[in-house]
Amino acid sequence: MTRATEALTPELYEYLVAHGAPVDEVLTDLVEETARLFPDSAIMQIGPEQGTFMTLLTRLMGARDAVEVGTFTGYSSICIARGLPADGTLLACDVSDEWTSVARRYWERAGVAPKVTLKLAPALETLRTLPAETRFDLAFIDADKEGYVGYWDELVPRIRPGGALLVDNTLSHGRVIDPAVTDSPVQGIRDFNDHALADTRVEPVLLPIGDGLTLARKKA
Ligand SMILES: C[S@@+](CC[C@H](N)C(=O)[O-])C[C@H]1O[C@@H](n2cnc3c(N)ncnc32)[C@H](O)[C@@H]1O
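Along each chain, residue indices are assigned from 1 in the same order as the chain's sequence is written. With the structure being a predicted model, the display of local features is reserved for residues of pLDDT at least 70 and the display and counting of side-chain atom pairs for 80 or more, all residues being used for whole-chain, interface and lining totals. Calculation of side-chain values draws on the structure's entire complement of heavy atoms; hydrogens and water are dropped beforehand.

As annotated in an unreviewed UniProt entry, the protein chain is Caffeoyl-CoA O-methyltransferase from Nocardiopsis mwathae.

Pasting the structure below:
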């Protein structure tokens, strides 16, 4: 019995990753290619245990229609798309043609390309112009941190009752609790965390996966 989450040493983290479902060749190659092409940005990819968790969650929920805000080179989108059924859909939102051109190649290799629609535009615009009747089972937010509250407010009404939202980086590498840190991405995360907690339409939990992953269930 314990009352707190275990702090992970690098060795314990390695053990944890090694005891989840193994990462396949497609994702391993994607990690390698992203690091080679975009060495300064590769850190933006989600980690292997988070990807496995997202695939399992998608599958466990029986999600069919999903949306992602922040695609980069495609790691998280592949993890979500793999959890969707053959006729499932994923709307992937990003602004970078350069980064998502890598994602497009890997969607083909992963066999998920028919499920994915890429929208290259500021995500707030994309979400605001969705048809009023659009409903998603699952949303994943992982883009500019200052935009999180706006994305959340567009997405919550579009999630079906019982559906879920996942929001990445909600611990900001620990900076959320450091009053000396006042930069706008960290303040964006603080604002978002308070906003989600106060939102009576959802039941949220902030999980210590990766850099903090908020999971929220839309109430019926
Ligand atoms: C942290 S990365 C996403 C990482 C991705 N989920 C993965 O697992 O590889 C953030 C992404 O958000 C995109 N982005 C930033 N501002 C955006 C905006 N206003 N609208 C849409 N996408 C945006 C960036 O181009 C970048 O690809």
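Draft legend 1. How the structure looks around the overall build of the protein chain. A helix here means a DSSP run of H or I that spans at least four residues, while a strand means a run of E at least two residues long, and both kinds are numbered starting from the N terminus. Tallying secondary structure elements over the protein chain gives eight helices and seven strands in all. In terms of principal-axis extent, the alpha carbons of the protein chain reach across some 45 × 45 × 35 Å. Of all 220 residues assigned to the protein chain, the portion counted as buried reaches 49%. A sequence separation of at least 24 residues applies to 70% of the contacts in the protein chain between residues at least 6 apart. Note on areas: Shrake-Rupley, 1.4 Å probe, and residue coverage restricted to the protein chains presented here. Surface accessibility of the protein chain: about 11,200 Å² in total, with carbon and sulfur atoms responsible for 58%. The charge count treats Lys and Arg as positive and Asp and Glu as negative. His and the chain ends do not count. Think of each charge as sitting on NZ of Lys, CZ of Arg, CG of Asp or CD of Glu. In the protein chain, the 21 positive side-chain charges and the 33 negative ones have mean positions that sit 7 Å from each other. Throughout this description, buried means an accessible area under 20% of the type-specific maximum (1.4 Å probe, protein chains only), exposed means over 50%, and partly exposed covers the range between. Any pair of residues with heavy atoms lying within 4.5 Å of one another is described as a contacting pair.

Draft legend 2. Region of interest: the packing of helix α3 (residues 48–61) against helix α4 (residues 75–83). As a packed pair, α3 and α4 sit with axes 7 Å apart at the nearest point and diverge in direction by 30°. Taken together, the axes of α3 and α4 are roughly parallel relative to one another. In terms of crossing hand, the pair formed by α3 and α4 is right-handed. Of the residues in α4, those touching α3 at Pro48, Gly51, Met54, Thr55, Thr58 and Arg59 are Tyr75, Ser76, Cys79, Ile80, Arg82 and Gly83. For the contact of α3 with α4, the class distribution of residues is five nonpolar, five polar and two charged. All axes here are fitted lines through C-alpha atoms, helices being fitted over the stretch that makes contact, and every angle between N-to-C directions spans 0 to 180 degrees. Note on angle classes: values under 35 degrees are labelled roughly parallel, values over 145 roughly antiparallel, values of 65 to 115 roughly perpendicular, and the remainder oblique. In this scheme the handedness of a crossing depends on how the near helix is turned from the far one: anticlockwise by less than a right angle means left-handed, clockwise means right-handed. Three residue categories are used. Nonpolar comprises Ala, Val, Leu, Ile, Met, Phe, Trp, Tyr, Cys and Pro, charged comprises Asp, Glu, Lys and Arg, and polar comprises the others, including Gly.

Draft legend 3. Focus on a nonpolar patch on the surface. Where nonpolar side chains cluster on the molecular surface, the patch consists of Leu8, Leu12, Tyr13, Tyr15 and Leu16 and spans about 440 Å² of accessible area. The residue Leu16 is located in helix α1 (residues 10–18) in this model. Two distance rules govern patches: like charges are joined within 9 Å, and nonpolar side chains (Val, Leu, Ile, Met, Phe, Trp, Tyr) within 5 Å, applied only to residues with over 30% relative accessible area and no salt bridge. The salt bridge criterion pairs a side-chain nitrogen of Lys or Arg with a carboxyl oxygen of Asp or Glu, the two atoms within 4 Å.

Draft legend 4. Quick look at the pairing of strand β3 (residues 116–120). Here, strands pair whenever DSSP counts at least two bridges between them. Direction of pairing for strand β2 (residues 89–94) relative to β3: parallel, over a ladder of five bridges. Looking across to β3, one finds that Cys93 is bridged to Lys119. Handedness of a crossover is defined as follows: with both strands directed away from the viewer, a clockwise route from the first strand across the helix to the second makes it right-handed. With respect to chirality, the unit in which β2 leads through helix α5 (residues 97–110) into the neighbouring parallel β3 is right-handed.

Draft legend 5. Region of the structure containing the pattern of salt bridges. In this structure the tally under the stated criterion is 13 salt bridges. Salt-bridge contacts for Arg82 lead to Asp24; the nearest nitrogen and oxygen are separated by 2.6 Å. You can see Arg82 sitting in helix α4 and its partner Asp24 sitting in the loop between α1 and α2 (25–37), a full 58 residues away along the chain. Exposure remark for Arg82: the relative accessible area of 25% places this residue in the partly exposed category. Measuring nitrogen to oxygen at the nearest pair gives 4.0 Å for the salt bridge that ties Asp153 to Arg201. One end of the pair, Asp153, is in helix α7 (residues 148–155); the other, Arg201, is in the loop between α8 (184–198) and β6 (202–207), with 48 residues separating them in the sequence. The exposure class assigned to Arg201 is partly exposed, which follows from its relative accessible area of 34%. In the salt-bridge network here, residues are joined through shared partners; they are Arg64, Asp65 and Asp87.

Draft legend 6. Representation of the environment of Thr170 within the structure. The topology assignment puts Thr170 in the loop between β5 (159–168) and α8. With a relative accessible area of 0%, Thr170 lands in the buried category. For the pair Thr170 and Leu206, spaced 36 residues apart in the sequence, the C-alpha separation amounts to 7.5 Å. Thr170 has contacts with Val176, Ile189, Phe192, Asn193, Leu206, Asp211, Gly212, Leu213 and Thr214, leaving out every residue within four places of it along the chain. Only 3.1 Å separates the side chain of Thr170 from the side chain of Thr214, close enough to count as a polar contact. Definition of a polar contact: a pair of N or O atoms within 3.5 Å, with one able to donate and the other able to accept a hydrogen when the atoms are protein atoms, and with sequence-neighbouring residues admitted only if both atoms are side-chain atoms.

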